[in-house]
Protein chains: 2
Amino acid sequence: MAARKSSSTVIELASANPGTERLLGELRRRIVCHELPPGARLREQDLANEFGVSRARIRETFGILEERGLIERIPNRGAIVTRLEADKVKELFEVREVLEAQMVRLATEKAPPETWDALIELFGPSMDETLARNDFDAYAEANYQFRRQCIAAADNEVLSNLLDSLYDRTQVLIRRLVLVPGRAQEGIRQHRGILAAMRAGQAEEAERLKRANIRDARDWFTNYQKYLL
Amino acid sequence: MAARKSSSTVIELASANPGTERLLGELRRRIVCHELPPGARLREQDLANEFGVSRARIRETFGILEERGLIERIPNRGAIVTRLEADKVKELFEVREVLEAQMVRLATEKAPPETWDALIELFGPSMDETLARNDFDAYAEANYQFRRQCIAAADNEVLSNLLDSLYDRTQVLIRRLVLVPGRAQEGIRQHRGILAAMRAGQAEEAERLKRANIRDARDWFTNYQKYLL
DNA sequence: GGCGGCAATATTGTCAACAATTTTGACAGC
DNA sequence: GCTGTCAAAATTGTTGACAATATTGCCGCC
């Protein structure tokens, strides 16, 4: 189960400035993969030293991270990585449910049907063996490819940014959820259905199935909450 | 048609710091109501002088405004208010469509039916007279109330923040769209239908109607684009 | 008159120092 | 031993100054 550097969502948006980009991207990465766990304190001077920049730039970066919901700042007390409460996770799922469904719908409407053949192959029978080997990295990578290609086909920057932001906040949970016995198999099964609808150009059906898929993920999460949070 | 200070969306989130809150809130207000029109240049020193703070705080505020999509920053060239292109508007509508529909669904599911009686009264026959008088402020205020009460009932902070952010970016367009002959009447009609479904506890039907409502608004916008942008 | 180069000005990018506030740790009293 | 008090240290909040870059205005030249 070699660590793969897959699934790194990238949000371009904020200032093309190369230095700021590196700083923001690296902090985002550490938070998203729990290298900086929820509740971890972020000291401005420490980070300034490590990245070789002044505290002013750290503070500006903190502003953006807070806006994205990745950290929380308390006046005069500093910044900590946002803790994920169970109800906040529920809220995130309620929003993902409709946004990912819309992503699939738009992708189906805007891209030619053969676009999805590669993904159908990726989610094909070979994926069953992959899962049988407990190769969760390969499974996560497949899900990542699905997201990326849908986002690209949906051709909607606003939607793309929102989904990336939501994904950042739930990425760790999703990776843990995959470990629950049976969840990955069910996820595969559902994605095959979604892709079949997309291949057939049935945008509305694909949207409905994707929505059901996220709702189901939320239900699994609720059931295994105590193991996942 | 006295100017009313209604419809000011408030995003609490960012740093409870009172000074920053004032700065961010005021800049947001000026951008949203086009007191600072799209393309307007924002000079750091000018704003620093006006608000009596240092440029560092202006810059941190700029980072947040850029993250919200309200301004764009070009390295070494400064910040300008984001211009709304026609395709960006289309993207915003594609996202609003599903988020507002979900808002209505969740509100219907989570709040008791009698919650909506006040809004049903507000959108009742008296609103026809209001529109006959071309009192668009009162109409905008009613729409604002609908939003606020749904948001409150939906009880989902993530959704609330996203909707506020989207609304900030389209607020001016919506206010202009109301001027198009017939649009306001149609909006009222559709909201009566949505509220009826909500009162009856038909969450799914309310969601469907709200979605159709936003799609319709998008279509009107497309048709009258040249007058609105 | 129009155009390119060049200096003067204006604006943004970065930083290090100082002030205000919170946290830490030592110490006396019960 | 526990607790409250107070000074020391650490951390955040804020600022003004300096460097780098872009814009503006001037002047000679074609």
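Read on for an overview of the structure. Numbers given for residues are sequential positions, taken from 1 along each chain in its written order. Here the convention is simple: chains get letters from A, ligands get numbers from 1, in the order in which they are written. In keeping with the predicted nature of the model, local features appear solely for residues at pLDDT of at least 70, side-chain atom pairs appear and are counted solely at 80 or more, and the whole-chain, interface and lining totals rest on all residues. Just so you know, side-chain values use all the structure's heavy atoms and leave hydrogens and water out.

## Some remarks on the sheet that holds strand E1 (residues 41-42) of chain A
Right, so step 1: Spatial strand order, E1-E3-E2 (chain A): 3 strands in an open sheet with antiparallel pairing. In this open sheet, the two strands that pair with only one neighbour each are E1 and strand E2 (71-74) of chain A. Any two strands are treated as partners once DSSP identifies two or more bridges connecting them. Only runs of H or I of at least four residues qualify as helices and only runs of E of at least two qualify as strands under DSSP, and these elements are numbered from the N terminus.

## Observations regarding the packing of aromatic side chains
Residues and elements named next belong to chain B.
Right, so step 1: Only Phe, Tyr and Trp rings are paired, with Trp represented by its six-membered ring, and only when their centres lie within 6.5 Å; those with planes under 30 degrees apart are stacked, over 60 edge-to-face, the remainder tilted. Going through the model one piece at a time under the given rule, you end up with 8 aromatic pairs over all chains.
Right, so step 2: Between Phe-93 and Phe-221 the ring centres are 6.0 Å apart and the planes differ by 40°, which places this aromatic pair in the tilted class. Of this pair, Phe-93 sits in helix H4 (residues 86-110) while Phe-221 sits in helix H10 (residues 203-223), and the two are 128 residues apart along the sequence. Neither Phe-93 nor Phe-221 differs from the other in exposure class; each is buried. Type-normalised accessible area, obtained with a 1.4 Å probe on protein chains alone, sets the label of each residue: buried when under 20%, exposed when over 50%, and partly exposed for intermediate values.

## With respect to the relation of the copies chain A and chain B
Right, so step 1: Superposing copies: least-squares fit, C-alpha atoms only, residues required to have pLDDT of at least 70 in both. Once chain A has been moved 0.0 Å along the axis and rotated by 180°, it coincides with chain B to within an RMSD of 0.1 Å. Expressed as an axis order, the relation between the two copies is that of a two-fold axis. Scanning chain A for the C-alpha nearest the rotation axis identifies Glu-60 of chain A, at a separation of 2.3 Å.
Right, so step 2: Any two residues whose heavy atoms approach within 4.5 Å are treated as being in contact. Comparing interface residues between copies, 97% of those in chain A also lie at the interface in chain B; the contact surface is shared.

## So, a negative patch on the surface
Right, so step 1: A contiguous patch of negative charge, built from Glu-72, Glu-85 and Asp-87 of chain A together with Asp-155 of chain B, is present on the exposed surface.
Right, so step 2: Along the chain, Asp-87 of chain A turns up in helix H4 (residues 86-110).
Right, so step 3: We classify Asp-87 of chain A as exposed; its relative accessible area is 53%. Grouping into patches uses exposed residues only, defined as over 30% relative accessible area, and leaves out salt-bridged ones; the cut-off is 9 Å for like charges and 5 Å for nonpolar side chains (Val, Leu, Ile, Met, Phe, Trp, Tyr). Accessible areas in this description were obtained via Shrake-Rupley with a 1.4 Å probe; residue shielding takes into account the shown protein chains only. The rule for a salt bridge is simple: a side-chain nitrogen of Lys or Arg has to be within 4 Å of a carboxyl oxygen of Asp or Glu. All tallies of charge rest on Lys and Arg as positive and Asp and Glu as negative; His and the ends of each chain are not included. Where a charge sits is defined by one atom per residue type, namely NZ (Lys), CZ (Arg), CG (Asp) or CD (Glu).

## Some points on helix H2 (residues 44-51) of chain A
All names here are of chain A.
Right, so step 1: Those residues of H2 that sit buried are Glu-44, Leu-47, Ala-48 and Phe-51. Summarising the axial view, the buried residues of H2 lie within an arc of 105°, below the 170-degree limit, and thus occupy one face.
Right, so step 2: Once H2 finishes, Gly-52 follows within two positions and takes phi at roughly 65°, a positive value. Picture the helix axis, draw a direction to every C-beta atom, and the arc is the one those directions span.

## Examining the protein's contact with DNA strand D
Right, so step 1: Here a residue counts as near a molecule or strand whenever at least one of its heavy atoms sits within 4 Å of it. Not every one of the 17 residues close to DNA strand D is listed here, only the nearest: Arg-43, Arg-55, Arg-59 and Asn-76 of chain A together with Arg-77 of chain B.
Right, so step 2: Within 4 Å of the protein, the contacting atoms of DNA strand D are drawn from sugar and phosphate to the extent of 72%.
Right, so step 3: Here a polar contact means two N or O atoms within 3.5 Å. Within protein one must be a hydrogen donor candidate and the other an acceptor candidate, and residues neighboring in sequence count only if both atoms are side-chain atoms. In this structure, Arg-43 of chain A approaches DNA strand D through a side-chain N or O atom, which is 3.0 Å from a phosphate oxygen.
Right, so step 4: A distance of 3.0 Å separates a phosphate oxygen of DNA strand D from a polar backbone atom of Ser-54 of chain B.
Right, so step 5: Residue assignment for the surface near DNA strand D shows that the elements contributing at least two residues are E1 and helix H3 (55-67) of chain A together with helix H3 (55-67) of chain B.
Right, so step 6: The dominant element in the surface near DNA strand D, judged by the number of residues it contributes, is H3 of chain B, at 3 residues.
Right, so step 7: Partitioning the surface near DNA strand D into residue classes produces 4 nonpolar, 5 polar and 8 charged. Amino acids outside the nonpolar list (Ala, Val, Leu, Ile, Met, Phe, Trp, Tyr, Cys, Pro) and the charged list (Asp, Glu, Lys, Arg) are all regarded as polar, and Gly is one of them.

## A short note on H4 of chain B
All names here are of chain B.
Right, so step 1: Helix span, expected: 1.5 Å multiplied by one less than the number of residues in the helix. Given a rise of 1.5 Å per residue, 25 residues ought to cover 36 Å, and the 36 Å separating the end C-alpha atoms of H4 matches this to within 8%.
Right, so step 2: One axis is fitted to the seven residues ending at the residue and one to the seven starting there. The bend at that residue is the angle between these axes. Remark: the principal bend of H4, roughly 25°, maps to Arg-96.
Right, so step 3: Along H4, 19 of the 25 residues are buried, which leaves the element largely enclosed by surrounding structure.

## Quick notes on the environment of Gln-171 of chain A
Residue and element names in this part refer to chain A.
Right, so step 1: Of note, Gln-171 is situated in helix H8 (residues 157-177).
Right, so step 2: We classify Gln-171 as buried; its relative accessible area is 8%.
Right, so step 3: Measuring from C-alpha to C-alpha, the distance between Gln-171 and Ala-79 comes to 21 Å, with 92 residues separating the pair along the chain.

## Thoughts on the side chain of His-191 of chain B
Right, so step 1: Structurally, His-191 of chain B is set in helix H9 (residues 183-199).
Right, so step 2: For His-191 of chain B, the side chain forms a polar contact with the side chain of Lys-210 of chain B, separated by 3.3 Å.

## Quick look at unusual backbone geometry
Right, so step 1: Despite not being glycine, Asn-134 of chain A has its phi angle at roughly 55°, a positive value.
Right, so step 2: In this fold, Asn-134 of chain A is placed in the loop between helix H6 (126-132) and helix H7 (136-154).

## Some details on the protein's contact with DNA strand C
Right, so step 1: Arg-77 of chain A together with Arg-43, Arg-55, Arg-59 and Asn-76 of chain B are the nearest of the 18 residues found near DNA strand C.
Right, so step 2: Put simply, 72% of the atoms of DNA strand C that lie within 4 Å of the protein are in sugar or phosphate.
Right, so step 3: Within the side chain of Arg-41 of chain B, a nitrogen or oxygen atom sits 3.5 Å from a sugar or linking oxygen of DNA strand C.
Right, so step 4: Backbone polar atom of Asn-76 of chain B to a phosphate oxygen of DNA strand C: 3.0 Å apart, as the coordinates give it.
Right, so step 5: Taken together, the elements giving at least two residues each to the surface near DNA strand C come down to H3 of chain A together with strand E1 (41-42) and H3 of chain B.
Right, so step 6: Of the residues belonging to the surface near DNA strand C, the class tally is 4 nonpolar, 6 polar and 8 charged.

## Some points on empty space enclosed by the protein
All names here are of chain A.
Right, so step 1: A cavity here means a set of 1 Å grid points, computed over protein atoms only, where a 1.4 Å probe fits but cannot escape. A pocket is an open set with protein on both sides within 12 Å along at least 5 of 7 lines, and lining residues have an atom within 4 Å of a point. Grid points are joined across faces, edges and corners, and a volume is the space filled by probe spheres set on the points. Tallied over the full model, the rule gives 3 cavities of 30 Å³ or more.
Right, so step 2: By volume, the largest cavity amounts to about 340 Å³.
Right, so step 3: Around the largest cavity, the lining is made up of 21 residues, and of these Arg-96, Tyr-139, Asn-143, Ile-174 and His-191 lie nearest the centre.
Right, so step 4: Looking at the lining of the largest cavity, the elements that each hand over two or more residues are H4, H7, H8, helix H9 (183-199) and helix H10 (203-223).

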